[in-house]
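Breakdown of the fold
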Amino acid sequence: MNIVITYGTYDLLHIGHISMLKRCRSLGDRLIVGLSTDAFNLKMKNKVCIQTYAERKEILEALRWVDQVIPEENWEQKSADVENYSVDVFAIGDDWKGKFDFLKSLCKVIYLPRTEGISTTLRKNQIVQTFSLPGLRNPGTAPDETP
Ligand code: C2G
């Protein structure tokens, strides 16, 4: 049983995330995702998520490629996670290339190409722009409500 682990925020899940999860899962028989908690995102990754940890966790757990979701609460937990979950492969996007080579003494480390042209930040900007177009109804207002 080859166990793979990857980590991320996975906010506003998009095709880049799906591609990453699919490829990670294809490297073994079981995929564990270390999902960044809201506190870790805010304090250590300087990321403000649209979706809470609970929402993001439930969404990932519904995916066929994800077998288990654990909280990612700090930068230091990866070695312990690899040991505790008997991980054979650590995989993550190549935007992190080299950053986790210290895990090579514990498991295989693979950096996978990111999917170009998509990101959560891009999605957030597209949503803002869409709803700032004149005449478009703001989300949450009923059609008959005047804005
Ligand atoms: N990703 C991708 N293509 C994109 C966007 C993201 O392949 N267009 C990958 C990233 O490389 C990462 C995963 O999807 O492997 C999750 O991306 P994020 O949610 O942005 O997570 P990140 O901020 O990279 O957090 O300790 C590691 C960190 O928690 C990783």
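On a predicted model such as this, the values are computed, not experimentally measured, just so you know.

The phi dihedral of Leu12 falls on the positive side, at around 50°, and the residue is not glycine. Along the polypeptide, Leu12 turns up in the loop between β1 (3-8) and α1 (15-25).

Okay, the sheet that holds strand β3 (residues 68-72) next. The five strands lie next to each other as β3-β2-β1-β4-β5, forming an open sheet whose pairing is parallel. Whereas interior strands pair on both sides, the edge strands pair on one side only; in this sheet they are β3 and β5 (108-112). Between one strand axis and the next, the sheet turns through 25° on average, direction left out of account. Bridging between strand β2 (residues 30-36) and β3 involves five bridges; their strand directions are parallel.

This paragraph deals with the pattern of salt bridges. Tallying each qualifying case throughout the model produces six salt bridges. A salt bridge links Asp67 to Arg25; the nearest nitrogen and oxygen atoms lie 3.4 Å apart. Pair noted here: Asp67 is in the loop between α3 (53-61) and β3 and Arg25 is in helix α1, with a separation of 42 residues, a long-range link. According to the relative accessible area criterion, Asp67 is partly exposed, its value standing at 35%. With its nearest N and O atoms 2.7 Å apart, the salt bridge here joins Asp38 to Arg56. Taken together, the positions of Asp38 in helix α2 (residues 38-44) and Arg56 in helix α3 put the pair 18 residues apart, joining distant regions of the chain. Using a relative accessible area of 34% as the deciding quantity, one classes Asp38 as partly exposed. For Arg56, a relative accessible area of 0% puts it in the buried group.

Glancing now at the site of the ligand. Taken together, 21 residues are adjacent to the ligand, and Lys47, Glu72, Lys78, Thr115 and Ile118 come closest. Taking Thr9, its main chain carries an N or O atom lying 3.0 Å from an oxygen atom of the ligand. One of the backbone N or O atoms of Thr115 is found 2.8 Å from a nitrogen atom in the ligand. Contact with the protein chains covers 95% of the free accessible surface of the ligand, which is 630 Å². Counted by class, the shell around the ligand contains seven nonpolar, eight polar and six charged residues.

Cut-off values and rules
Residues numbered from 1 in each chain as written. Predicted model: local features only at pLDDT ≥ 70, side-chain atom pairs only at ≥ 80, totals over all residues. Heavy atoms only, no water. Helix = DSSP H or I, 4+ residues; strand = E, 2+ residues; numbered from the N terminus. Pairing = 2+ DSSP bridges. Axes fitted to C-alpha atoms, helices over the stretch in contact; angles between N-to-C directions. Salt bridge = Lys/Arg side-chain N within 4 Å of Asp/Glu carboxyl O. Buried < 20%, exposed > 50% of the residue type's maximum accessible area, 1.4 Å probe, protein only. Near = heavy atom within 4 Å. Polar contact = N/O pair within 3.5 Å; in protein donor to acceptor, adjacent residues only side chain to side chain. Areas by Shrake-Rupley, 256 points an atom, 1.4 Å probe, with all protein chains shown as cover. Nonpolar A, V, L, I, M, F, W, Y, C, P; charged D, E, K, R; others polar.

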